[in-house]
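Fold and contact review
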Amino acid sequence: MTDSEFHQQVDELLISFEEIIDDSDVELDYENSNSILTLYCRDGSQIILNKQAPLHQLWVATKANGHHFEFINDVWIDNRTQQSLSVVLTDAVKNQGGEDVSF
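Residues numbered from 1 in each chain as written. Predicted model: local features only at pLDDT ≥ 70, side-chain atom pairs only at ≥ 80, totals over all residues. Heavy atoms only, no water.

1. Description of the pairing of strand 2 (residues 36-40)
As paired strands, strand 1 (residues 29-33) and strand 2 are joined by five bridges and run antiparallel to one another. Bridge pairing in strand 2 links Glu 31 to Thr 38. Counted between consecutive antiparallel strands, the loop separating strand 1 from strand 2 contains two residues, among which Asn 34 sits at a positive phi close to 55°. Taken together, the five bridges between strand 2 and strand 3 (residues 46-52) define a ladder with antiparallel strand orientation. In the strand pairing of strand 3, Leu 37 is matched with Leu 49. Here strand 2 folds back onto strand 3, and the loop between the two strands holds five residues, one of which, Gly 44, carries a positive phi near 90°. (Pairing = 2+ DSSP bridges. Helix = DSSP H or I, 4+ residues; strand = E, 2+ residues; numbered from the N terminus.)

The following block contains the structure:
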């Protein structure tokens, strides 16, 4: 994946997450600034997704853990747990924010 493909892929992914939140009934605010997507949970905690361009990774920080995702076979996979980004993010929003939404 080239640098420009990486940036386009992650930018589109973050926008798709915003659209999922907007289309759902969850109480979850967000802010996207400079390709850093911050999700604000009801308990005051945050989930932060940001690009690590030199590594072509997407990093996710939750209250419980930090995750580094790599794009493998068209899926963002945590390089430590082997879980997909959609599973990790869905679980984090449920556990931190008490909201049910599938990413």
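That shown, we press on.
2. So, unusual backbone geometry
Here the phi dihedral of Asn 34 falls at roughly 55°; this positive angle occurs in a residue that is not glycine. Summarising the element assignment, Asn 34 is placed in the loop between strand 1 and strand 2. Assessed through its relative accessible area of 72%, Asn 34 is described here as exposed. Unlike most non-glycine residues, Ser 35 shows phi in positive territory, near 60°. Tracing the backbone through its elements, the reader meets Ser 35 in the loop between strand 1 and strand 2. (Buried < 20%, exposed > 50% of the residue type's maximum accessible area, 1.4 Å probe, protein only.)

3. Describing the pattern of salt bridges
This structure, assessed with the given rule, holds four salt bridges. Its salt-bridge partner being Asp 11, residue Lys 51 comes within 3.0 Å of it at the nearest N-O pair. Here Lys 51 is found in strand 3, whereas its partner Asp 11 is found in helix 1 (residues 3-23), with 40 residues between them in sequence. The class of Lys 51 is buried, set by a relative accessible area of 15%. Ionic pairing is found between Asp 43 and Lys 63, a salt bridge with its closest N-O pair at 2.9 Å. Residue Asp 43 is located in the loop between strand 2 and strand 3, and its partner Lys 63 is located in the loop between strand 4 (57-61) and strand 5 (66-72); the two are separated by 20 residues in the primary sequence. (Salt bridge = Lys/Arg side-chain N within 4 Å of Asp/Glu carboxyl O.)

4. A closer look at helix 1
What sets the pattern is the α-helix's 3.6 residues per turn: residues three or four places apart point alike. The first and last C-alpha atoms of helix 1 sit 30 Å apart over 21 residues, in line with the 30 Å expected at 1.5 Å per residue. Within helix 1, burial applies to Phe 6, Val 10, Leu 13, Leu 14, Phe 17, Glu 18 and Ile 21. The arc that holds every buried residue of helix 1, seen down its axis, measures 140°, which confines them to one face. Turned more than 90 degrees from where helix 1 packs its buried face, Ser 4 and Asp 23 sit exposed. In this fold, the buried residues of helix 1 make contact with strand 1, strand 2, strand 3, strand 4, strand 6 (75-78) and helix 2 (85-97). (Expected span 1.5 Å × (residues − 1). Arc of directions from axis to C-beta. Contact = heavy atoms within 4.5 Å.)

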